[in-house]
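Survey of secondary and tertiary structure
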Amino acid sequence: MAVAIRGARGGGSGGVGAGFRSFFSYRIFVSAMFSLLFIATATVLLTTRPSTTHQHSRFRSGGNAYMHRTFVALNSDPLKTRLDLIYRQANDHITLVKAYAAYARKLKLDISRQLKMFDDLAKNFSDITSKPRYKSSLFETDGNLDEDVLRQFEKEVKDRVKFARLLIAESKENYDNQLKIQKLKDTIFAVRELLGKAKKNGAFASSIAAKSIPKSLHCLAMRLVEERISHPKKYKEDLPKSEFDDPDLYHYAIFSDNVIAVSVVVRSVVKNAEEPWKHVFHVVTDRMNLAAMKVWFKMRPVEGGAHVEVRALEDYKFMNSAYVPVLRQIESAKQRFYLEHKMENATKDGSNTKFRYLEHMSMLNHLRFYLPEMYPKLHKILFLDDDVVVQKDLTGLWKIDLSGKVNGAVETCFGSFHRFSQYLNFSHPLIRERFNPKACAWAYGMNIFDLDAWRREKCTETYHNWQNLNVDRALWKSGTLPPGLITFYSLTKSLDKSWHVLGLGYNPSISMDVINNAALIHYNGNMKPWLDIAMNQYKNLWTKYVDNDMEFLQTCNFGV
């Protein structure tokens with residue numbers, strides 16, 4: 001035990017001394033380590049600190065980032081931290097101002113006051129740092145910053161920031177509205193493009209519908225021909241009547257292959273005539289529809305004792321290619337058309353000019369230029385299209401003094417519309433030298449012709465000359481109105497518009513007062529009254545003259 005106690009005491013005394021020595025050794029070690037760590041850190045920081053000149057060389061007036069300061073740099077001089085914040089504020093507003101300037105350019109406001117102010121403001125922001133005083137005292141110095149210079153720099157930046165905010169606040173609403181307007185314009189443009197395509201497709205579909213033969217009309221023609229074949233004796237040819245050549249009567253010329261349309265024209269004239277027995281109708285059709293047309297007027301004689309002559313185009317022997325230029329052109333065009341193997345494409349493409357050209361060159365359309373030769377004993381004749389309806393007695397037309405002119409017609413021009421320039425090619429010297437582009441056009445469909453004046457002025461020869469010159473369609477494209485305007489140029493007398501109201505086949509906004517006051521209404525356009533696409537508000541004006549008692553109309557389900 002004693003030994004143990006001594007050993008413990010001796011050990012205790014030696015342990016205390018060793019503890020003190022260990023403690024002091026530890027403190028010295030820690031102090032040395034901290035000293036070494038401090039020296040190493042200071043050395044690293046001092047050797048890796050970027051030069052002030054290099055940092056500030058990155059600050060350009062164009063608005064690039066001023067610099068990325070290190071932790072020590074930011075804390076070594078509080079003024080540099082302040083400068084960096086001022087710079088960042090200026091740079092943010094430069095970006096904002098340029099964004100609004102870009103909006104202005106997008107909205108096509110390049111000449112606006114706001115755009116110029118935004119551009120100037122962005123330039124002023126960038127130019128601040130280029131001032132020599134600020135450049136040398138703030139951005140290119142290695143020492144401490146001059147607080148007075150920094151304060152002045154801060155003031156200029158804040159003034160520009162304040163002005164920028166005011167300008168943005170003033171312009172923001174306007175730019176927002178302008179942006180909405182621009183988007184609306186873009187939408188309108190896109191809708192207009194779609195509308196244009198829809199109109200084009202609609203016009204093409206309407207054209208197909210107008211040119212096609214409705215099933216009911218085809219049925220009617222077939223029924224009439226069947227009636228002729230079934231009862232040949234009943235429908236034998238009648239001898240010509242003396243009234244057909246009597247110049248003292250009122251004569252009408254109607255050229256058509258549409259049985260129901262011709263019957264409506266004749267019926268409407270007769271029902272509104274004061275003396276129907278004095279009216280003579282000269283109907284000319286093609287050979288295919290001749291029998292049907294004759295049977296109709298045999299089965300349904302015209303009321304009031306009016307006279308109807310039905311003939312075929314082929315009955316007029318002078319209508320041959322040796323005499324008629326259009327016939328030569330039709331034959332030539334057909335040969336080229338079929339030789340080029342384009343018939344299939346033409347039927348698919350409504351814009352094919354050759355296909356339309358052949359349509360408009362139908363000789364039933366061009367027959368109107370040969371009236372004096374067709375009716376050599378007559379002095380005057382009233383030409384009617386098959387898509388018209390007569391609402392008043394027309395005998396007053398024969399009493400109008402045409403003052404030596406050939407054609408009496410209603411003019412269709414208003415403003416710059418329906419002038420000669422719209423129908424003829426005035427870039428061609430022959431047209432430019434002979435005609436006035438502002439001359440007023442007139443309407444075919446109801447024309448009173450003085451056949452004696454026609455013969456005197458040799459209008460058919462004039463028509464032939466111009467038709468020969470237009471063999472390549474360089475003077476006008478197609479149709480019968482352009483050559484009519486040329487043939488009767490300065491030979492047309494303008495009639496009162498109430499004689500002839502047009503547009504019922506395409507214009508839905510014609511006043512009913514104007515229609516009711518008209519002597520004749522014209523369904524020119526694609527929406528013919530016998531088609532399903534006819535405009536309902538005008539259709540009854542035509543259907544009331546349809547002979548609904550005709551048995552074949554009911555058999556063929558004629559939708560009238």
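It should be noted that the structure appears before, not after, this text.
The notes below deal with the structure included here. (Residues numbered from 1 in each chain as written. Predicted model: local features only at pLDDT ≥ 70, side-chain atom pairs only at ≥ 80, totals over all residues. Heavy atoms only, no water.)

**What to know about the sheet that holds strand 8 (residues 492-494)**
In a beta sheet, neighbouring strands are held together by backbone hydrogen bonds and run either parallel or antiparallel to one another. The 7 strands are arranged 3-2-1-4-7-6-8 in an open sheet whose pairing can be described as mixed. The open sheet terminates on both sides in strands that have one partner only, identified here as strand 3 (307-312) and strand 8. When the angles between neighbouring strand axes are averaged without regard to direction, this sheet yields 25°. The pairing of strand 4 (residues 380-384) with strand 7 (residues 446-450) spans 5 bridges and is antiparallel. Considered in strand 7, the bridge of Leu-384 is made with Met-446. Of the strands in this sheet, strand 1 (250-255), strand 2 (279-285), strand 3 and strand 4 are in contact with helix 9 (residues 259-271), which crosses strand 2 at around 170°. Running at roughly 160° to strand 3, helix 10 (residues 287-299) makes contact with strand 2 and strand 3 of the sheet. (Pairing = 2+ DSSP bridges. Helix = DSSP H or I, 4+ residues; strand = E, 2+ residues; numbered from the N terminus. Axes fitted to C-alpha atoms, helices over the stretch in contact; angles between N-to-C directions. Contact = heavy atoms within 4.5 Å.)

**Structural notes on the pairing of strand 2**
Burial runs high along strand 2: 7 of the 7 residues are buried. Both faces of strand 2 are covered, namely the face carrying His-279, Phe-281, Val-283 and Thr-285 and the face carrying Val-280, His-282 and Val-284. For the crossover that starts at strand 1, traverses helix 9 and ends in the parallel strand 2, the hand is right-handed. Relative to strand 3, strand 2 runs parallel, the two sharing 6 bridges. (Buried < 20%, exposed > 50% of the residue type's maximum accessible area, 1.4 Å probe, protein only. Right-handed = clockwise from strand over helix to strand, strands pointing away.)

**What about the state of the cysteines?**
Taken as a whole, this structure holds 2 disulfides when the rule is applied. Disulfide pairing places Cys-219 opposite Cys-556 at an S-S distance of 2.1 Å. Its S-S torsion of approximately -75° makes the covalent link between Cys-219 and Cys-556 left-handed. Taken together, the residues Cys-219 in helix 8 (residues 215-230) and Cys-556 in the segment after helix 22 (551-555) connect sequence positions 337 residues apart. The disulfide that involves Cys-413 links it to Cys-440, with 1.8 Å between the sulfurs. Taking the torsion about the sulfur-sulfur bond, which here is approximately -105°, the covalent link between Cys-413 and Cys-440 counts as left-handed. You can see Cys-413 sitting in the loop between strand 6 (407-409) and helix 16 (429-434) and its partner Cys-440 sitting in the loop between helix 16 and strand 7, a full 27 residues away along the chain. For the pair shown, Cys-413 and Cys-440 are each scored as buried. (Disulfide = S-S within 2.5 Å.)

**Thoughts on helix 21 (residues 536-543)**
Within the sequence span of helix 21, burial applies to Tyr-538, Lys-539, Leu-541, Trp-542 and Thr-543. Packed against the buried residues of helix 21 are helix 9, strand 5 (388-390), helix 20 (512-516) and strand 9 (520-522).

**Topic: the packing of helix 8 against helix 10**
Here helix 8 crosses helix 10 at 75°, and the two axes come no closer than 8 Å. For the element pair helix 8 / helix 10, the angle class is roughly perpendicular. Judged by residue contacts, Leu-220, Ala-221, Leu-224, Val-225, Glu-227 and Arg-228 of helix 8 engage Ala-291, Ala-292, Val-295, Trp-296 and Met-299 from helix 10. Grouping the amino acids of the contact of helix 8 with helix 10 by side-chain chemistry returns 9 nonpolar, no polar and 2 charged. (Parallel < 35°, antiparallel > 145°, perpendicular 65-115°, else oblique. Nonpolar A, V, L, I, M, F, W, Y, C, P; charged D, E, K, R; others polar.)

**Re the pattern of salt bridges**
According to the stated counting rule, one finds 14 salt bridges in the structure shown. Among the salt bridges present, the one from Glu-227 reaches Lys-234, with a minimum N-O distance of 3.9 Å. Here Glu-457 ties to Arg-456 by a salt bridge, and the two come within 3.9 Å at their closest N and O atoms. For Glu-457, a relative accessible area of 34% gives the class partly exposed. Connected through salt bridges with shared partners, the residues Arg-228, Glu-237 and Lys-294 form a single ionic network. (Salt bridge = Lys/Arg side-chain N within 4 Å of Asp/Glu carboxyl O.)

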